[in-house]
Amino acid sequence: MAKKEETPNMVEQFAEFKELKNIDKTTMISVLEESFRNVLAKMFGTDENLDVILNPDKGDVQIFQNLTVVPDGEVENPNLQISLSDARADNDPEAEVGEEHTKEIFFEKFGRRAILTLRQTLQSKILDLQKEAIYAKFKEREGDLVSGEVYQTWSRETLLLDDEKNELLLPKSESIPGDFFRKGETVRAVIANVDNKNNNPKITVSRTSNAFLRRLFELEVPEIHDGLISIRAIARIPGERAKIAVESYDDRIDPVGACVGVKGSRIHGIVHELRNENIDVIPFTANPSLFIQRALSPARITTIRIDEEEKKAEVTLKPEEVSLAIGKNGLNIKLASMLTGYVIDVYRDATETEAEEDIYLDEFKDEIDEWVIEALKNIGCLTAKNVLNAPREMLIEEADLEEDTVDNVIKVLKAEFEE
């Protein structure tokens, strides 16, 4: 009697496994049937004349063999045929030659070897199914933020385990310089790549990708999560410095202020997560001249000339501004180029004395409307002398300003230098 209970128990155990691993009921039934059929096919040479009926909820299985009735003494293949007398003796007294006789098979009667084979087949298919499920689940989540507990650290990578004990690999190349993890510590990263070579899922995570910075901002800034603010561009040198361009879809929301937070409350957590990586948040603009100007902050440029086809920009700065534009180890200009997509060349203003006497247009906000100043800055005129040295017709056409407006601007600027 003990043997007869082994098959139901085995099915029940699989049902429990299904609950733990989130395998859906339809898939579970399919795997069970396929496993039984594989084992039965080896035992009987074929499974084409077998019906396997499963009831996972109750944990039982019924197997029926469909045999052709042949005259007594003419059975050539007992796995496909049954003699007339045997068919009538097997609860089918009205059986006739040529008809089909259905015979129930009790799997447990085939002994422990058959049951062991079935167990092994089930385990193999379950493992394959689980690997496929892990791959499909994480493949859809590439670019998403994930947390894992440090399980083991090697020289070239760190192994993390998420809440479901899935393995996440964080290579040294995807770690921020200065990252040092202790066993049991919780680490955040983004899912960078998921592959399934030889049906062996490998989930690689990253802390150096731009996506990681993007997800952290989405987490810390509700306006970004809600779609009121959009991250338009990111440039990053992990562990050193990053620039992020943001745009607000609501005129009442200051995108930079929202991202930084009161007294830096929102950005502070991100900086800490990135091992004190400095982050510049700048307002995005579709105007390349103004965007490059903002990207080079804190440097203030004197003039800018853009080649749209070559994606190059030549900027001229006062001598004291050049070092700010380039930044420590060239980081500022490198990040500005990455952020804007332009190759930026910096030039020192040749007329240093004249440059020292120049005045930025922002200083004239009391006398000139701010929208007019922005229009002039958008065409590369950032200082008073930029405007005064430019042809009047160019200021009218390219800045799209009225003649009276341009004449008034020129009058105000000239008066400043005449004084």
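Keep in mind the model is a prediction, meaning the values are calculated, not measured.

Our next topic: the overall build of the protein chain. When helices and strands are counted, the protein chain shows 16 helices and 15 strands. Its C-alpha radius of gyration of 37 Å places the protein chain more than 25% over the 22 Å reference for a compact globule of 419 residues. Dimensions of the protein chain along its principal axes, counting C-alpha atoms only, are 125 × 50 × 35 Å. The buried share of the protein chain, taken over its 419 residues, is 44%. Of the accessible surface of the protein chain, which amounts to about 23500 Å², a share of 45% is contributed by carbon and sulfur atoms. Where the 53 positive side-chain charges of the protein chain centre and where its 84 negative ones centre are 7 Å apart.

All right, on to the nonpolar core then. One finds Ile-292, Leu-296, Val-315, Leu-339 and Ile-344 to be the most contacted residues of the largest nonpolar core, which totals 26 residues. Those elements that provide at least two residues to this core are β10 (229-237), α9 (288-295), β13 (301-307), β14 (312-317), α10 (319-326) and α11 (331-340). Excluding residues within four positions of it along the chain, Val-315 makes contact with Ile-292, Leu-296, Ile-301, Thr-303, Ile-304, Ile-344, Asp-345, Val-346 and Tyr-347.

Strand order across the open sheet formed by 3 strands is β13-β14-β15, with mixed pairing between neighbours. Each edge of the open sheet is held by one strand with a lone partner, namely β13 and β15 (343-348). Here the strands of the sheet are splayed against their neighbours by 20 degrees on average, with no regard to which way each runs. Alignment of β13 against β14, held across 6 bridges, turns out to be antiparallel. By the bridge assignment for β14, Thr-303 is matched with Thr-316.

This part covers the confidence of the model for the protein chain. Chain-level pLDDT for the protein chain is 87 on average; 92% of the residues reach the 70-or-more range. This stretch, residues 1-8, has a pLDDT under 50; its non-local contacts, to residues over four places away or in other chains, come to 13 contacts.

Before going further, it helps to examine helix α4 (residues 112-139). The first and last C-alpha atoms of α4 sit 40 Å apart over 28 residues, in line with the 40 Å expected at 1.5 Å per residue. Within α4 the residues assigned to the buried category are Ala-114, Ile-115, Leu-118, Thr-121, Leu-122, Lys-125, Ile-126, Leu-129, Gln-130, Ile-134 and Phe-138.

This part covers the packing of aromatic side chains. What the rule picks out here adds up to 1 aromatic pair. Pairing Phe-284 with Phe-291 gives two aromatic rings, centres 5.1 Å apart and planes at 70 degrees, and the pair type is edge-to-face. Exposure remark for Phe-291: the relative accessible area of 7% places this residue in the buried category. Directly above the ring of Tyr-151 sits Lys-183, whose terminal nitrogen or CZ lies 4.3 Å from the centroid.

Calculation rules
Residues numbered from 1 in each chain as written. Predicted model: local features only at pLDDT ≥ 70, side-chain atom pairs only at ≥ 80, totals over all residues. Heavy atoms only, no water. Helix = DSSP H or I, 4+ residues; strand = E, 2+ residues; numbered from the N terminus. Rg over C-alpha atoms; globule rule 2.2 N^0.38 Å. Buried < 20%, exposed > 50% of the residue type's maximum accessible area, 1.4 Å probe, protein only. Areas by Shrake-Rupley, 256 points an atom, 1.4 Å probe, with all protein chains shown as cover. Lys, Arg positive; Asp, Glu negative; His and termini not counted. Charge placed at Lys NZ, Arg CZ, Asp CG, Glu CD. Core = buried A, V, L, I, M, F, W, Y, C linked by side-chain atoms within 4.5 Å. Contact = heavy atoms within 4.5 Å. Pairing = 2+ DSSP bridges. Axes fitted to C-alpha atoms, helices over the stretch in contact; angles between N-to-C directions. pLDDT = per-residue confidence, 0-100. Expected span 1.5 Å × (residues − 1). Phe/Tyr/Trp six-rings, centres within 6.5 Å; stacked < 30°, edge-to-face > 60°. Lys NZ or Arg CZ within 6 Å of the ring centre and 35° of its normal.

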